[in-house]
Each structure stands twice: as structure tokens, then as C-alpha cells.
Amino acid sequence: AANPGVNANFIYPGQVLKIPSANAPAPAITPGASGPTPVAGLPSTYTVQRGDWLYAIARKFGVSVVALQNVNPGINFNVLTPGMVLRIPGGAPSPSTSTTPTTSNPNSYTVKSGDTLFSIAVRFSTTTYALQIANNLSNSNFIYVGQVLVLPK
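These lines cover the structure that appears in this document, whether it is placed above or below. (Residues numbered from 1 in each chain as written. Predicted model: local features only at pLDDT ≥ 70, side-chain atom pairs only at ≥ 80, totals over all residues. Heavy atoms only, no water.)

**Regarding the environment of Pro 106**
Then comes step 1: Considering the arrangement of structural elements, one finds Pro 106 in the loop between strand 2 (85–87) and strand 3 (108–110).
Then comes step 2: Owing to a relative accessible area of 65%, Pro 106 belongs among the exposed residues under this scheme.
Then comes step 3: In the structure, Pro 106 is positioned 45 residues away from Leu 151 in sequence and 8.4 Å away in space, judged by C-alpha atoms. (Helix = DSSP H or I, 4+ residues; strand = E, 2+ residues; numbered from the N terminus. Buried < 20%, exposed > 50% of the residue type's maximum accessible area, 1.4 Å probe, protein only.)

Structure (C-alpha cells):
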């Protein structure tokens, strides 16, 4: 909180961080410009925005980091990327929330734990390069659980 704009998941050697004194009041956290912290009627999901980090998201919705992690098994919270959809504990259930991959689009695949771009390419008789191009992936080694990939035709 004393270091707004610093992503706690990506600090580096030599980076200067402010350490608040024990007597100083804690500054308010305002991640992004998304508005005030909801108190009632929590949404069921939240889409990660650029600059978001785990503690700020938990604080935004008034939940603990542990509770946020528990309702999102399989997500690597050390690597939050814009567009990731997180479930919010205590949020209203949504009819669109599902733990199984969507079958409405046969040309897509939802990444599961243990998947690699190569294993997905083999499963669907394509190449990693074709998947990378179809999904505008700058790094073929970085896909995440829950990500929906377009399958090339």
C-alpha cells in the first residue's frame, strides 16, 4: 500500500520500496480506476486488469487473499495477466460460471492444468505455431488455466 504502482508479484533487485513506519496510518489502496470497493452484492467474477495484483484484488472485494486463492484452484497467482477471470468468494453465482470447458464453440479449447501448447496442438492435429498465430500469443510457453484458445481451422 505504501508503494502504489508497484506490482508486489514482480519486484526486482535494486528496486526502491517505501517502508511505512509503525505509527503511520496505512494508505488506502486504489488499484486502477475501477471505482469504490463494493460492500454488498459482490460479483461472481472479476477480469484481471493491467497492473492488478493479488492483494489489491482481494482488498478491492473485501475478501482475504487465502479465500481468493481457495476459490480459484489451479491459478498461478504469481503471474496474473490481463484478461484472466477470477472467481470472487461470496459473489453471486452466475449462470455463465462453469467449471467445464464451454462446448458452444467447437473451434475453441479451455486450457486445463498440465496443458502445454504442444500437447494441445497434438490433441487437435495442429502445430504450436498455428495456435500461437490464431491466439496472438507472443510467448508460446505462456498459457494459463482457464484461458480460452481459438483452434485454427
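**Some remarks on the side chain of Gln 147**
Then comes step 1: Among the secondary structure elements, Gln 147 is positioned in the loop between helix 4 (128–134) and strand 4 (148–150).
Then comes step 2: According to the relative accessible area criterion, Gln 147 is buried, its value standing at 11%.
Then comes step 3: Apart from the residues lying within four places of it in its own chain, the contact partners of Gln 147 are Tyr 109, Thr 110, Val 111, Leu 137 and Phe 142. (Contact = heavy atoms within 4.5 Å.)

**Here we look at the environment of Leu 151**
Then comes step 1: As for its placement among the helices and strands, Leu 151 is situated in the segment after strand 4.
Then comes step 2: Put simply, Leu 151 and Ser 108 are 43 residues apart on the chain and 5.2 Å apart in space, counted from C-alpha to C-alpha.
Then comes step 3: In this structure Leu 151 touches Pro 106, Asn 107, Ser 108, Tyr 109, Ile 120, Phe 124 and Leu 131, once residues within four positions along its chain are discounted.

**Quick look at the packing of aromatic side chains**
Then comes step 1: On inspection of all chains with the given rule, the structure shows four aromatic pairs.
Then comes step 2: For the pair Tyr 46 and Phe 61, a centre-to-centre distance of 5.3 Å together with 65° between the ring planes defines the contact as edge-to-face. Here the residue Tyr 46 occupies a position in strand 1 (residues 45–47), and Phe 61 occupies one in the loop between helix 1 (54–60) and helix 2 (65–70), the gap between them amounting to 15 residues. Both residues of the pair, Tyr 46 and Phe 61, count as buried.
Then comes step 3: Plain terms: the ring middles of Trp 53 and Tyr 55 are 5.7 Å apart, the flat faces sit at 35° to each other, and that makes the pair tilted. (Phe/Tyr/Trp six-rings, centres within 6.5 Å; stacked < 30°, edge-to-face > 60°.)

**Overview of the pattern of salt bridges**
Then comes step 1: Applying the stated criterion across every chain yields a total of one salt bridge.
Then comes step 2: A salt bridge links Arg 123 to Asp 115, with the shortest nitrogen-to-oxygen separation between them at 3.6 Å.
Then comes step 3: We classify Arg 123 as partly exposed; its relative accessible area is 45%.
Then comes step 4: Relative accessible area serves as the criterion here: at 15%, Asp 115 is assigned to the buried category. (Salt bridge = Lys/Arg side-chain N within 4 Å of Asp/Glu carboxyl O.)

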